[in-house]
Amino acid sequence: MPAPRRIAIVLFNLGGPDSLTAVQPFLFNLFNDRSIINLPQPFRWLLAKLISSRRTPVASHVYQQMGGRSPILPNTEAQAAALEALLTTGGIEVRCFIAMRYWHPFTEATARDVKAWGADEVILLPLYPQFSTTTTASSLRVWHATARQIGLTAPQHAVCCYPDEPGFVSALSEITRQAMGQAQAAAPGETPAIIFSAHGLPKKIVDAGDPYVAQVEATVAAVAQELALTPAQYQIAYQSRVGPLEWVGPATDNVITAAAKAGKPIIVVPVAFVSEHSETLVELDIEYRHLAESNGAPLYLRAPTVATHPAFIAGLVRLVQDALAKGQALQPGCGRMACKGQSQCAMTKAGA
Ligand SMILES: C=CC1=C(C)c2cc3[nH]c(cc4nc(cc5[nH]c(cc1n2)c(C)c5CCC(=O)O)C(CCC(=O)O)=C4C)c(C)c3C=C
Ligand SMILES: [Fe+2]
Ligand SMILES: [Fe+2]
């Protein structure tokens, strides 16, 4: 009997410090990424040293509030286990691997594990539903360079993005519907302000053609349609601004403050993060809750991320199956700066 075909699925995410001493080197890795700071070396290295040192006390305080480490790896492991359980069917052997961009497990270690396992085919699955040059493209660029370097020659297919994948949208919609129900029970008769919050980006990155904002809008439009929300009921806002540049707006903190001052119950729904970490557990749950309450919001609810929601995981299964069936390799346009908009990403996804 022939050995079953071995399919490796590599889940990509940003990663986070696993101890307080890891905060500074994690931040250094982030700011030394040319997809984040586009300067030639040694200038980027020097700037990354400077910014990471300056930011370490603030960031350490954030991670202290989560027990001294980011939960992003264990949460990603739970997603990997849920996905692997659904994909393990007869005739093929599937294993999920995790490659983080800025902290362990790093891409190189993971690529070596994939090679040592003897994968016949590799599916690259970013845990970023919306494509950005700063996240998806950065992770895939490093993956491909590393794969070449270590001689990982198995065919590799990348999922570009899935801003309106039906399972993802259905999971987000159900989570939002539950929060709306809770708000209705706690503040009957009041119309809550629903704030769909995504990680922000410097405006100049969006102006250079990054499709992330358009894809965040596509996600929210799909959820609003599924829940039959009127435009007056919800808003998109962008959180986690860092540094002196102008970032895309409106800023989540400003939108929360305005809704709180208007005396509205507030529901915040994260739409670009698919698991819990500092940006949800500290920024949204502690810092923005305080902002809402101190500005008079009668209620502040933060909807959970899609995490291992069965509809979301089922959507990931479909993305993997599509990628395997089409056998499409990463197109040069997606995963690099040439990806100018959602339609182009969608075309690339379809193998056009
Ligand atoms: C300075 C530039 C940054 C850009 C651009 C950026 C884009 C971006 N990031 C995520 C997802 C995550 N970011 C996280 C943490 C984080 N991000 C930045 C900076 C940029 N991100 C910093 C400095 C940090 C560290 C924390 C802090 O100091 O504020 C995380 C969480 C990591 C964890 O706690 O485990 C995620 C996830 C997306 C989706 C994105 C662009 C689309
Ligand atoms: Fe970030
Ligand atoms: Fe942040």
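Quick notes on the rules
Residues numbered from 1 in each chain as written. Chains lettered and ligands numbered in written order. Predicted model: local features only at pLDDT ≥ 70, side-chain atom pairs only at ≥ 80, totals over all residues. Helix = DSSP H or I, 4+ residues; strand = E, 2+ residues; numbered from the N terminus. Expected span 1.5 Å × (residues − 1). Buried ≥ 20, exposed ≤ 12 C-beta atoms within 10 Å, placed from the backbone. UniProt positions renumbered as here; feature names shortened; annotations may be inferred. Contact = placed C-beta atoms within 7 Å.

Q: Is there a simple way to explain helix 8 (residues 212-227) in this structure?
A: Every α-helical turn comprises 3.6 residues, leaving residues that sit three or four positions apart pointing alike. In a regular helix each residue adds 1.5 Å, so 16 residues correspond to 22 Å; helix 8 covers 23 Å between its end C-alpha atoms and thus fits that length. The set of residues buried in helix 8 consists of Tyr212, Val213, Gln215, Val216, Thr219, Val220 and Val223. Just downstream of helix 8 lies Ala228, where phi reads positive at about 50 degrees.

Q: Is there a simple way to think about unusual backbone geometry in this case?
A: Cis geometry marks the peptide bond from Gln41 to Pro42; its omega dihedral reads 5 degrees. Within the element layout of this structure, Pro42 appears in the loop between helix 1 (23-31) and helix 2 (43-64). With an omega dihedral of 0 degrees, the bond running from Gly249 to Pro250 counts as a cis peptide bond. Non-glycine residue Ser240 carries a positive phi angle of around 65 degrees. Its location among the elements puts Ser240 in the loop between strand 6 (234-239) and helix 9 (252-261).

Q: Whenever I open this one, the UniProt feature "binding site: Fe(2+)" (unreviewed entry) in the protein chain confuses me. Can you help?
A: When the UniProt feature table is mapped onto this chain, "binding site: Fe(2+)" (unreviewed entry) is found at His199 and Glu279. Their sequence span is 81 residues, while the largest C-alpha to C-alpha distance among them is just 8.3 Å; these annotated residues converge on one region. As for its placement among the helices and strands, His199 is situated in strand 5 (residues 193-199). For His199, a count of 24 C-beta atoms within 10 Å corresponds to the buried category. Those residues within four positions of His199 in sequence are excluded, and the remaining contacts are Gln239, Ser240, Ala272, Phe273 and Glu279. Mapped onto the elements of the fold, Glu279 is located in helix 10 (residues 278-294). With sequence-adjacent residues up to four places away left out, Glu279 is seen in contact with His199, Gln239, Ser240, Phe273 and Leu284.

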